[in-house]
Amino acid sequence: MIDFIARRLIAIIPVLAVVAIFVFLMLRLTPGDPAAVIAGDNATSDQIADIRTKLGLDEPIYAQFGIWIGNALQGNFGESFFFKKTVAELIAQRVEPTLALAICTLIIAIVFALPLGVIAAYRHGTWIDRCVMGFSVLGFSVPVFVIGYLLIYLFAIELGWLPVQGYVRIGVNFWGFLERMVLPSFTLGVVFIALIARMTRASVLEVLSEDYIRTARAKGLSNRVVLMRHALRNAAVPILTVIGVGIAGLIGGAVVTESVFGLPGLGRLTVEAVLSRDFPTIQAVILLFSVVYVGINLLIDISYTLFDPRIRY
Amino acid sequence: MSVILEEVIDSAAIASASTKRKSLWAAAIRNTSVIFGGSILLFMVIIAVLAPFLGTVDPTRIDPAARNKKPGAEVTMRLDDGTSVKRTAIMGTDSLGRDVYSRVLYGTRVSLAIGIAVPLVAVSIGLVLGLVAGYIRWADGIIMRIMDGLMAIPGILLAIALVSIWRAGLITVIFAIVVPDVPRVVRLVRSVVLTVREEPYVEGAISVGTPTWTLMFRHILPNTIAPLIVQGTFIAASAILAEAILSFLGIGIPPEIPSWGNIMAEGRTLFRVFPHNILYPGIFLAFTVLAINIMGDGLRDTLDPKMSKRV
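Here, residues in each chain are numbered from 1, in the same order as that chain's written sequence. As they are written, the chains are lettered A onward and the ligands numbered 1 onward, keeping that order. Local features in this predicted model are restricted to residues whose pLDDT is 70 or higher, and side-chain atom pairs enter the listing and the counts only when it is 80 or higher, whereas totals over whole chains, interfaces and linings include all residues.

Enquirer: Please set out the overall build of chain A residue by residue, giving values where relevant.
Expert: When helices and strands are counted, chain A shows 13 helices and 2 strands. Any residue whose C-beta has 12 or fewer other C-beta atoms within 10 Å is treated as exposed, any with 20 or more as buried, and any in between as partly exposed, C-beta atoms being built from the backbone. Among the 313 residues that make up chain A, the fraction classed as buried is 39%. By definition, residue pairs are in contact when their C-beta atoms, positioned from the backbone, come within 7 Å. The contacts in chain A between residues at least 6 apart in sequence include a share of 70% that link residues at least 24 apart. Strands here mean DSSP runs of E at least two residues long; helices mean DSSP runs of H or I at least four residues long; both are numbered from the N terminus.

Enquirer: Just give me the short version of the overall build of chain B, but keep the residues and values in it.
Expert: The helix and strand tally for chain B stands at 10 helices and 2 strands. Per-residue burial for chain B yields a buried fraction of 45% across its 311 residues. Restricting to contacts in chain B with at least 6 residues of sequence separation, those with at least 24 account for 72%.

Enquirer: Quick one: what's the story with the nonpolar core, residue by residue and with numbers?
Expert: Here a nonpolar core is just a set of buried residues of the types Ala, Val, Leu, Ile, Met, Phe, Trp, Tyr and Cys, joined wherever their C-beta atoms sit within 7 Å. Ile196 and Ile286 of chain A together with Leu157, Ala159, Val163 and Ile245 of chain B are the most contacted members of the largest nonpolar core, which has 163 residues in total. When residues of this core are assigned to their parent elements, the largest contribution, 16 residues, is made by helix H8 (residues 212–248) of chain B. Ile196 of chain A has contacts with Ala109, Ile110, Ala113, Gly117, Ile239, Val242 and Ile243 of chain A, leaving out every residue within four places of it along the chain.

Enquirer: Please set out helix H8 (residues 174–207) of chain A residue by residue, giving values where relevant.
Expert: All names here are of chain A. One less than the residue count of a helix, multiplied by 1.5 Å, gives the span that helix is expected to have. An ideal rise of 1.5 Å per residue puts 50 Å on 34 residues; H8 reaches only 41 Å between its terminal C-alpha atoms. Of all the bends in H8, the greatest measures close to 40° and is centred on Gly189. Where burial is concerned, most of H8 is hidden: 24 out of the 34 residues are buried. Two axes define the bend at a residue: one fitted to the seven residues ending there, one fitted to the seven starting there, and the bend is the angle between them.

Enquirer: So what about the environment of Pro71 of chain B? Which residues, and what values?
Expert: Along the chain, Pro71 of chain B turns up in the loop between helix H2 (32–50) and strand S1 (73–78). Separated by 22 residues in the primary sequence, Pro71 of chain B and Thr93 of chain B place their C-alpha atoms 7.5 Å from one another.

Enquirer: I'd love a proper account of the packing of helix H3 (residues 100–135) of chain B against H8 of chain B, names of residues and values included.
Expert: All names here are of chain B. Their axes nearest at 7 Å, the elements H3 and H8 cross at an angle of 140°. Judged by the sense of rotation from one axis to the other, the crossing of H3 with H8 is right-handed. Contacts from Ser111, Ile114, Gly115, Val118, Pro119, Ala122, Val123, Leu127, Leu131 and Tyr135 of H3 reach H8 at Met216, Ile220, Leu221, Thr224, Leu228, Gly232, Ile235, Ala236, Ala239, Ile240 and Glu243. Each axis is a line fitted through C-alpha atoms, and for a helix only the stretch in contact is used; angles between axes span 0 to 180 degrees, taken between their N-to-C directions. When the near helix sits turned anticlockwise from the far one by under a right angle, the crossing is termed left-handed; a clockwise turn instead gives a right-handed crossing.

Enquirer: Pulling in residues and values, what's your account of the interface of chain A and chain B?
Expert: A common way to express how large an interface is: the accessible area buried when the components associate. The interface is formed by 42 residues belonging to chain A together with 37 residues belonging to chain B. Counting only elements with at least two residues in the side of chain A that touches chain B, the list comes to helix H1 (2–29), helix H6 (127–141), helix H7 (144–158), H8, helix H11 (236–261), helix H12 (266–275) and helix H13 (279–307) of chain A. Residue contributions to the side of chain A that touches chain B peak at 8 residues, all from H1 of chain A. Broken down by class, the residue content of the side of chain A that touches chain B amounts to 34 nonpolar, 6 polar and 2 charged. Only Asp, Glu, Lys and Arg are considered charged in this grouping, and only Ala, Val, Leu, Ile, Met, Phe, Trp, Tyr, Cys and Pro are considered nonpolar; every other residue, Gly among them, is considered polar.

Enquirer: Can you lay out the confidence of the model for chain B for me, pointing to particular residues and giving the numbers?
Expert: Per-residue confidence from the predictor is reported as pLDDT, a score between 0 and 100. Residues with a pLDDT of 70 or more make up 80% of chain B, whose mean pLDDT is 80. If you check the scores for this complex, the pTM reads 0.84 and the ipTM reads 0.84.

Enquirer: Describe the environment of Asp50 of chain A, with residues and values.
Expert: Residue and element names in this part refer to chain A. Topologically, Asp50 is positioned in helix H3 (residues 45–55). Judged by local crowding, Asp50 falls into the partly exposed class, with 14 C-beta atoms found within 10 Å. Considering only alpha carbons, one finds Asp50 and Ala35, 15 residues apart in sequence, at a separation of 8.6 Å.

Enquirer: Quick one: what's the story with the packing of H2 of chain B against helix H10 (residues 276–303) of chain B, residue by residue and with numbers?
Expert: Residue and element names in this part refer to chain B. Look at H2 against H10: their axes get within 7 Å of each other, and the N-to-C directions meet at 150°. With respect to the hand of their crossing, H2 and H10 are arranged in left-handed fashion. In this structure, H2 contributes Ser33, Val34, Phe36, Gly37, Gly38, Ile40, Leu41 and Met44 to the contact, and H10 contributes Phe287, Thr288, Ala291, Ile292, Ile294, Met295, Asp297, Gly298 and Leu299. Across the contact of H2 with H10, the residue classes tally to 11 nonpolar, 5 polar and 1 charged.

Below, the structure written as structure tokens:
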């Protein structure tokens, strides 16, 4: 097991290296002097010269990469000239809403998708199955922001049940926080519910034809126990895999959802950074999200043994 | 001798592959999902082609006198010769007085163009890289490491990063949407190549000295076509969504081009009062993507049964 984790950790090094090289080259590929690009439009020539020395722009490109990656590994992504802060500070401020949104979305997605998928598989070929599958294709097809605006229109404007936009920190007012998380999490959750329900259905359907399911039924176990304990648990590995792959979509969706609901998270920060061409911030956010994505998938790989002890590494 | 043998193997492989492909296609076009999705899509294509003749006006025409009209409002349009005509803005107007109906209809052209261009480019690049990676062993490691790296960056984020490098324009946006899709195509093609290269007919072709390129394009490539068409439809659907997302965030194609994403981006600020600016393009967008997804599901079930077990 430890051997496996070590091997997986080593395997992600080249992947993250490619990501780092890409993120590093981003700034070098933009037309113009990187120092001037970073400094923004209102910079003095002194500031630009200062950045030049910090980035080591007079050195060969591999040395520049060395300087950059050395700083990045220590969490130092330089200074955002647009926001007048260090990038690390900026990110630290913006983490909470994104993390909260991601966790709430995942909880909602799993709570809704697993039962839907299991029922669809159990009632395979009936109208329930067709409804779930139809919903899932629809979920893939409607853009996140359209869902977001529909929900805002319905629940915030017409019915007035929930606030339209904004964010309250969890420590400040927990109820206010929850109230403002409902719509964004459901908005982002729709695609995720669609994805997980579809995989759950396919996976459970395959397991249901196994011998041990027949044995469990023959023992006289109730449908609930057979479905939830025997079928779902054995179907867990593909479901976990699809959740892991879906994290990429979750991150992309968070960028959009945060913009729709005015959540001051990392996704909004990304868009603001791109619009103001704030490269140190863009680089840091992309690197951070990629590391998180790869890291979660690593954890999921490791967790397979928990769900399926037959898997040995 | 070897030439004759090669001919025999060649013609046998091509004959069996082509009859198999014909029956697959026959099944595909009889599939209900393919027919249903295809019909909606055809309808959209007709709208895109006939946009100028469907009672539309210039979608970029700004009219300060007719700003923010609700759907169904009467709008008086001043023509260049000084006369004015009344027309009904069935989907209302936006905050610059542009006709939303015309913009949505013309927007169909942009979205469909993206939905055709992106999969074509992504599949072409991915096909070449995948064939090379699957067949030439020393290139495999390099190509696949780069693809793994690209896949580690969430798709929309990668597209946003690419757009930020060059200033937004139609070509930039297409390229930015293509790049995140390429690794998936490469993986697919590579996996097909790795399976097929162990087949007896490929071994046979190798043993009679078929040149590598002939082998790759004549014997291996046809096996990738069915899965690539399936993959291509899903890329088309996600590309249309990606363009809308980028434009909606204000980093997509230039705002003067009437794309669905741009219309919705424009409608954001006044959404509470005038939801139609987001509603109508949203409906068109959802229907188009839904049609492609349904068609893709049907194509997958018929053309690529092995893949239907995956999501």
